[in-house]
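Report on the structure
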Amino acid sequence: MQGGFFRVPLAHVYAISGDKGEAHKLIGELQKLSKQRYVSPFCIATIYAGLGEEDQALDWLEIACEQRSGWLIWLKADPYCDPLRFHPRFEQLLRRMRMQP
């Protein structure tokens, strides 16, 4: 399974367009790929955010924080995270990372 990184925006598009089945399928593929090479939990979180599954998205952002994912530098600016911006857990995560909500 090549091109894991390119599956993230595709899965996000499926998610926001309402094709939840395809988005979940790609999440499964990314999780399978993560057993062979690194897949950032931040990327999986953005797909769940697009699906409107806030708790799952925030769980994956917590994992990204624990793993110190480099993608977290984009947390405040990434438009894929927009659905989470006003969630109390998102604000707590920003504070924990010493970023102003």
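Since we're looking at a predicted model, the values are computed, not measured. (Residues numbered from 1 in each chain as written. Predicted model: local features only at pLDDT ≥ 70, side-chain atom pairs only at ≥ 80, totals over all residues. Heavy atoms only, no water.)

So, about a nonpolar patch on the surface. Where nonpolar side chains cluster on the molecular surface, the patch consists of Trp71, Ile73 and Trp74 and spans about 350 Å² of accessible area. Secondary-structure assignment places Trp74 in the loop between helix H4 (54–66) and helix H5 (88–96). (Patch = residues over 30% accessible without salt bridge, like charges linked within 9 Å, V, L, I, M, F, W, Y side chains within 5 Å. Areas by Shrake-Rupley, 256 points an atom, 1.4 Å probe, with all protein chains shown as cover. Salt bridge = Lys/Arg side-chain N within 4 Å of Asp/Glu carboxyl O. Helix = DSSP H or I, 4+ residues; strand = E, 2+ residues; numbered from the N terminus.)

To continue, consider the nonpolar core. Counting residues in each nonpolar core, the largest one holds 31 residues, and the members touching the most others are Ile47, Leu61, Leu75 and Phe90. Element by element, the count of residues in this core is highest for helix H3 (residues 41–51), at eight residues. Those residues within four positions of Leu75 in sequence are excluded, and the remaining contacts are Phe42, Leu61, Cys81, Arg85, Phe90, Leu93, Leu94 and Met97. (Core = buried A, V, L, I, M, F, W, Y, C linked by side-chain atoms within 4.5 Å. Buried < 20%, exposed > 50% of the residue type's maximum accessible area, 1.4 Å probe, protein only. Contact = heavy atoms within 4.5 Å.)

Contact geometry for H4 and H5: axes closest at 10 Å, N-to-C directions at 10 degrees. The angle between the axes of H4 and H5 places the two elements in the roughly parallel class. Contacts between H4 and H5 pair Asp55, Leu58, Asp59, Leu61, Glu62, Cys65 and Glu66 from the former with Arg89, Phe90, Leu93 and Arg96 from the latter. Tallied by class, residues from the contact of H4 with H5 come to five nonpolar, no polar and six charged. (Axes fitted to C-alpha atoms, helices over the stretch in contact; angles between N-to-C directions. Parallel < 35°, antiparallel > 145°, perpendicular 65-115°, else oblique. Nonpolar A, V, L, I, M, F, W, Y, C, P; charged D, E, K, R; others polar.)

The complete set of buried residues in H5 reads Phe90, Leu93 and Leu94. Buried residues along H5 cover an arc of 100 degrees about the axis, so they all sit on one side. Exposed side of H5, more than 90 degrees from the buried face: Pro88 and Gln92 are the residues found there. In this structure, the buried side of H5 is in contact with H4. (Arc of directions from axis to C-beta.)

Turning next to the confidence of the model for the protein chain. Residues of the protein chain with pLDDT of at least 70 account for 94%, and the chain-wide mean is 90. At the low end of the mean pLDDT range in the protein chain sits helix H1 (residues 4–17), at 87; at the high end sits H4, at 96. (pLDDT = per-residue confidence, 0-100.)

Attention now moves to the pattern of salt bridges. Considering all chains together, one arrives at five salt bridges under this definition. Residues Arg85 and Asp82 are paired through a salt bridge, measuring 2.8 Å at the closest nitrogen-oxygen approach. On the basis of relative accessible area, Arg85 is assigned to the buried category, the value being 18%. Taking the relative accessible area as the measure of exposure, Asp82 reaches 43% and is therefore partly exposed. Each of Asp55, Asp59 and Arg89 takes part in one network of salt bridges that share partners.

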